[in-house]
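Overview (structure and organization)
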Amino acid sequence: RTCFSTWTERKGRMQARMQFTDRRILLWCVISLSVLAECSGFAPSPLFTNSGYLKHSDPHANTRRSRSIISGYPEGITYGTLPGVEGGTRAGGSGAGRLRQFSLPEPAPSRAELTGESRLFVDSADVNTWSLLDLGIFHGVTTNPVLLERAGKDCTVESLREMADSAFALGAREFMCQAWGKSALQMIDIGEQLASIDPRVVVKVPLTGPGVQAASVLARKGVRICCTGCYAPHQVITAVAAGAEYVAPYLGRMIESGKDGLEEVAKMQRIVDGMGSSTRVLVASVREVSQMEELAARGCTTFTISPEVGKRLVEEEATVAAAADFERAAEKMQGGGTRQIGFSL
């Protein structure tokens, strides 16, 4: 019996030692596999936090570590397809048509914060001029029956539907088209048809008696409204009271009629601000970019401009010359250009 007890105790101690040894071996295996996986790129690296940014300033760490075995992209980093680029297949080890996005320890300002309240529109019914939307600075397109006539477009709901589809396909976020009719009932009917095209369609109505009546009814029905043909500050009060999302003063025509158009439009903006309204003063009939400069400095944020004025926003001789110098230097310093290190006095 004594021998049996002694043997049992020894067996228990041996089993305990074996279990301890097994745990050590298992822990060693886990550690070894983790190190091997990290070096092979099959596991998230501790260099990345949950938010996806590097803990240190090594610019190449994201290419050496934390590679995803599924996509090949660093963990914690997402890639969005660039506008106008189909697919997003990778070529040559980099994301073709992809924009790399990741969190920063101190996030950069959002696009909404950077653009502020600014909103620009292309004022044209000529689809060929809508290539300006490619610049990425225009929010949408505005039209009216006169512009349709100039472009040779039919003033029908179906024609405007086709134009709206084209504008949205080109990247416009809003499309404005005008209701017509000699009575409020006619404008309400056309306005409802235009609004049914797409939620991004804004219906324009003139600031006449029937137009204001139509605007009020349509706005109550949830139709987005722009009161157009504004020539006097008091008309802005009317548009705000009607529930219009936009009110469009015709700057150029006001100046041509002998008014101080810049001061009148600035006053319109002060009225909107003073009334605590979110209605936007959509400055139309802009003749020069200098007029936009003046009004933007005085608080105006929203403009619809002709393609000619739109092109001038990205034309500046000094900038073009500087860009040419940059490009010349870049070409010179690619592949064997002479490089000087140090300072010249």
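For the structure itself, look to the data block above.
So, here is what we can say about the structure in this document.

What counts, and at which threshold
- Residues numbered from 1 in each chain as written.
- Predicted model: local features only at pLDDT ≥ 70, side-chain atom pairs only at ≥ 80, totals over all residues.
- Heavy atoms only, no water.
- Buried < 20%, exposed > 50% of the residue type's maximum accessible area, 1.4 Å probe, protein only.
- Helix = DSSP H or I, 4+ residues; strand = E, 2+ residues; numbered from the N terminus.
- Arc of directions from axis to C-beta.
- Contact = heavy atoms within 4.5 Å.
- Phe/Tyr/Trp six-rings, centres within 6.5 Å; stacked < 30°, edge-to-face > 60°.
- Lys NZ or Arg CZ within 6 Å of the ring centre and 35° of its normal.

Thoughts on helix α11 (residues 289-297)
- Looking only at α11, the buried set comprises Q291, M292 and L295. One side of α11 holds all its buried residues, which, seen down the axis, span an arc of 100°. Away from the buried face of α11 by more than 90 degrees, exposed residues E293 and A297 are located.
- Close packing links the buried residues of α11 with β5 (119-123), α9 (251-256), α10 (261-274), β11 (280-283), β12 (302-305) and α12 (307-312).

Comments concerning the packing of aromatic side chains
- Counting across every chain of the model gives 3 aromatic pairs.
- Relative to Y246, the ring of F121 has its centre 5.9 Å away and its plane inclined at 85°; by these criteria the two rings are edge-to-face. Taken together, the positions of F121 in strand β5 and Y246 in strand β10 (residues 246-249) put the pair 125 residues apart, joining distant regions of the chain.
- Accessibility expressed as a relative area gives 0% for F121, which makes it buried.
- Between Y231 and Y250 the ring centres are 5.8 Å apart and the planes differ by 65°, which places this aromatic pair in the edge-to-face class. On the criterion of sequence distance, the pair formed by Y231 in the loop between β9 (225-230) and α8 (233-242) and Y250 in the loop between β10 and α9 is long-range, its members being 19 residues apart.
- Relative accessible area serves as the criterion here: at 29%, Y231 is assigned to the partly exposed category.
- Judged by its relative accessible area of 12%, Y250 falls in the buried class.
- When the ring centre of F168 is taken as origin, the NZ or CZ atom of R200, which lies over that ring, is 3.9 Å away.

Keep in mind that these numbers describe shape and distance, not what the molecule does.
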